[in-house]
Amino acid sequence: MNRTPLLDVKHLRTRFPTERGEVTAVDGVSFQVYAGETVGLVGESGCGKSVTSLSILRLFGKHSGTRLEGEINFEGKNLLTMSLEEIQKIRGNRISMIFQDPMSSLNPVLTIGDQIAESIIRHQGASKKAALEKTVEMLRLVGIPSPEQRVFDYPHQLSGGMRQRVMIAMGLSCQPKLLIADEPTTALDVTIQAQILDLMLEVKERLNMGMILITHDLGVVAEVCSRVLVMYLGQIVEEAPVETLFEHPKHPYTVGLLRSIPTLEGNRSEKLHVIEGMVPSLHQIPQGCRFAQRCPYADRLCFDQAPDLTEAGRDHKVRCWHQDKLSLEGGMELAFETRERRETLSG
Amino acid sequence: MLLKLENAVKRFPVKGGCFRTKSEVKAVSNLSLSIAEGETYGLVGESGCGKSTTGRMALRLIEPTSGKVYYKGEDITAYSDEQLRLVRKEMQIVFQDPYSSLNPRLQIGKAIQEAMNIFRIGEAAERKQQVYELLHKVGLQREHYDRYPHEFSGGQRQRIVLARALAVSPRFIVCDEPVSALDVSIQSQIINLLEQLQDELQLTYLFIAHDLSVVRHISDRVGVMYLGHLVEEAPTDELFTHPRHPYTRALLSAVPHPNPKRKRERIVLTGDVPSPIQLPSGCVFHPRCPAAVPACKEAVPALKERLAGHRVACHLAD
């Protein structure tokens, strides 16, 4: 691709102090987002996907002691070296964020109209009256019926789906170039989720925004994203266009994730695939490959040395020593052979 | 039939407004279903459709406003507290959130043993040994006996909760969203465990969930609820291949598929679920139904058997 990316994250590292010492929640993450594309960031709880998104807008408390390293270039400027005033001009304006739980992200004592108008007044210097008109227009855009009355409603008067629409309206009110959506539909029912996803895609097209969608739901990723980043324990383990990822996943973790979800078409009598064990704590990051303990293919090399994220094909990157040897079909036999060896190695 | 709900109704009174106007949330309306021994009955629906209330009524954790609950042919709604206490030994429940279902100050071994103490199962001295066996059965180790809940991950806690439910050797377990708080890789571990335990111990499950793929995987029969009504019920394969109720169809089409090549043919429902305080007239689904005809506003459709084992509540299903 010759185009310049809208967002270019380079070697991002985010560290927090905790009672048991510092943890590195995001460890050397690099990726790009181009205008008009939707990048999915997937992984299980604790993999660092939300921290990555918070790092982009530096949404950490001043006294939290969070340390950010690397570069986050947006429209040619590094967000990590900006002053607080500068980044405040970008938050909610050029880059917007939508969170999972619309109830706790809205202020319960302000009307939804006031909350949406706030960023329009602040970033675009609009008068109160003009901001209100714009707000009504935004609410109409996100499909809220009779928006002229609804602007005076408080969050508790709306249903979950409607509140999420308000959050989207708020996120889009200044026509951002980049929208970061952190599990935007996880708290919603499937029929409402379908409405909200359709809405987000439609608005993305209209505004030619870039979008980062953070989710643990691979079904949502398959339907909405054009490119996917899979994270595990603070690192990207696989990056690929969505079709490639679902058809030819190369990292054992991605393969495991894809196989362990029941689908509406799968064979019901078959047992579900299981990834053995659980995600290690950030305090005890294994040396070598971080997935080795749970990986059916791991050998001595995996336990000793950490693999890099390397090219595995067109636009396809994988962090695995054995990516060339692994294929979905032959995987299980290999797994059986290596299991015993793995136990001696990890024990 | 091991468990049967007959015309079960639950209404919760709501006191509201400054004049204490009384209204009612009609959580479950006239619901009848039965679950055979050894079967897994999946109950699906969106939040607020009354599926959890139904699960709780089946155990009489919530008293039905009217209607009957039969367990092994006996009407347990007529049971005294003592009779109920004894039958509860055979009926257990596992909740969604394993964090809040365990006492943080109680070692997990003791938590599991508690139910055995209450029902005086086995000799007191043998109980610890039985707890070890239960821990092993759910995939934990005996060293875990004297640890506290905070030392475990979500998936492990759900295993502990299961071990505790199994401590009294139940025959019927209501699983209320048992995997929805878990990560996908852990979710499959727990689903496999539930299936394995069912085979070993001949358990009967009422499996309540909003995730249709999970319900399809684990259930033998599935019931679909909408606004307190059971709108469709069928054997799993039949329901997922030939859904007859427009709501079931919309629900199935809304599930995102983990296959980017699949063309979406979504039936997007407009609007929100109406308030259960003021149910729509006639068929409760008619305001959102893409196929509604005037008759739908008038009469409530009965849940009628259209094919063997396939019941549908829709005027247009004929």
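About the cut-offs
Residues numbered from 1 in each chain as written. Chains lettered and ligands numbered in written order. Predicted model: local features only at pLDDT ≥ 70, side-chain atom pairs only at ≥ 80, totals over all residues. Helix = DSSP H or I, 4+ residues; strand = E, 2+ residues; numbered from the N terminus. Rg over C-alpha atoms; globule rule 2.2 N^0.38 Å. Buried ≥ 20, exposed ≤ 12 C-beta atoms within 10 Å, placed from the backbone. Pairing = 2+ DSSP bridges. Contact = placed C-beta atoms within 7 Å. Axes fitted to C-alpha atoms, helices over the stretch in contact; angles between N-to-C directions. Nonpolar A, V, L, I, M, F, W, Y, C, P; charged D, E, K, R; others polar. Domains from an automatic or database assignment. Left-handed = near helix turned anticlockwise from the far one by under 90°. Expected span 1.5 Å × (residues − 1). Arc of directions from axis to C-beta.

As for the overall build of chain A
Scanning chain A from terminus to terminus reveals 13 helices and 12 strands. Its C-alpha atoms give chain A a radius of gyration of 22 Å, within 12% of the compact-globule value 20 Å for 347 residues. With the principal axes as the frame, chain A shows a C-alpha extent of 70 × 50 × 45 Å. Among the 347 residues that make up chain A, the fraction classed as buried is 46%.

Things to note about the sheet that holds strand E4 (residues 67-74) of chain A
Residue and element names in this part refer to chain A. With antiparallel pairing, four strands are arranged side by side in an open sheet as E2-E1-E4-E5. Where the open sheet ends on each side, the last strands, each with one partner, are strand E2 (21-33) and strand E5 (77-78). Examined bridge by bridge, strand E1 (residues 7-18) and E4 share seven bridges and lie antiparallel to one another. Looking at E4, one finds that Lys 10 is bridged to Glu 71. Along the sheet, helix H1 (residues 49-56) makes contact with E1, E2 and E4, crossing E2 at roughly 70 degrees.

Quick word on the interface of chain B and chain A
Listed as interface residues are 35 residues of chain B and, on the opposing side, 37 residues of chain A. Put simply, the parts of the chain that give the side of chain B that touches chain A at least two residues each are helix H6 (184-201), helix H7 (212-218), helix H8 (236-241) and helix H9 (246-254) of chain B. The element best represented in the side of chain B that touches chain A is H6(B), accounting for seven residues. Among the residues forming the side of chain B that touches chain A, the class breakdown is 15 nonpolar, 13 polar and seven charged.

Some remarks on the pairing of strand E7 (residues 172-176) of chain B
All names here are of chain B. With five of five residues buried, E7 is to be regarded as a mostly interior element. Alternating positions in E7 separate into two faces, Phe 172, Val 174 and Asp 176 on one and Ile 173 and Cys 175 on the other, with burial throughout. Relative to E7, strand E6 (residues 91-94) runs parallel, the two being bridged by four bridges. Within the sheet, the bridge partner assigned to Met 91 lies in E7 and is Phe 172. In this structure, E7 lies alongside strand E8 (residues 204-209), joined through five bridges in parallel fashion.

Quick notes on the domain arrangement of chain A
Once the domains are mapped, chain A shows domain 1 (7-225) and domain 2 (250-346). By residue class, the composition of the side of domain 1 of chain A that touches domain 2 of chain A is three nonpolar, two polar and two charged.

Side note on the domain arrangement of chain B
The extent of an interface is frequently quoted as the accessible surface area lost upon association of the parts. Residue and element names in this part refer to chain B. On domain assignment, one finds that chain B holds domain 1 (3-90 + 170-317) and domain 2 (104-167). Taken over C-alpha atoms, the centre of domain 1 sits 30 Å from the centre of domain 2. With 10 residues of domain 1 at the contact, the number on the domain 2 side is nine residues. When its residues are assigned to classes, the side of domain 1 that touches domain 2 shows eight nonpolar, one polar and one charged.

With respect to the packing of helix H4 (residues 112-124) of chain A against helix H5 (residues 128-141) of chain A
Residues and elements named next belong to chain A. It is the contact of H4 with H5, at a shortest axis distance of 9 Å, that shows an interaxial angle of 115 degrees. For the crossing formed where H4 meets H5, the hand is right-handed. Mapping the contact onto sequence places Gly 113, Ile 116, Ala 117, Ile 120 and Ile 121 in H4 and Lys 128, Ala 131, Leu 132, Lys 134, Thr 135 and Met 138 in H5. Class assignment of the residues belonging to the contact of H4 with H5 gives a composition of seven nonpolar, two polar and two charged.

Focus on the packing of helix H3 (residues 108-118) of chain B against helix H4 (residues 124-137) of chain B
A pair of packed helices is characterised by two quantities: the angle between their axes and the separation of those axes. Residues and elements named next belong to chain B. For the pair H3 and H4, the least separation of the axes is 10 Å and the interaxial angle reads 115 degrees. The hand of the H3/H4 crossing is right-handed. Together, Gly 109, Ile 112, Gln 113 and Met 116 of H3 and Arg 127, Gln 130, Val 131 and Leu 134 of H4 make up the contact between the two elements. Looking at the contact of H3 with H4 residue by residue, the classes come out as four nonpolar, three polar and one charged.

Considerations on the environment of Ser105(A)
Here Ser105(A) shows up in helix H3 (residues 102-105). Between the C-alpha atoms of Ser105(A) and Arg163(A), which are 58 residues apart in sequence, the distance is 9.6 Å.

Notes on H5(A)
Within an α-helix, residues lying three or four positions from one another point in the same direction, as the helix has 3.6 residues per turn. Residue and element names in this part refer to chain A. Its 14 residues give H5 an end-to-end C-alpha distance of 20 Å, which sits within 8% of 20 Å, the value for a rise of 1.5 Å per residue. Of the residues making up H5, those classed as buried are Ala 131, Leu 132, Thr 135, Val 136, Met 138 and Leu 139. Projected onto a plane normal to the axis of H5, the buried residues spread over an arc of 160 degrees and lie on a single side. Turned more than 90 degrees away from the buried face of H5, the exposed residues are Lys 129 and Glu 137. Those residues of H5 that are buried lie in contact with H4, helix H6 (147-150) and helix H7 (160-172). Gly 143 occupies a position one or two residues after H5 and carries a positive phi of about 80 degrees.

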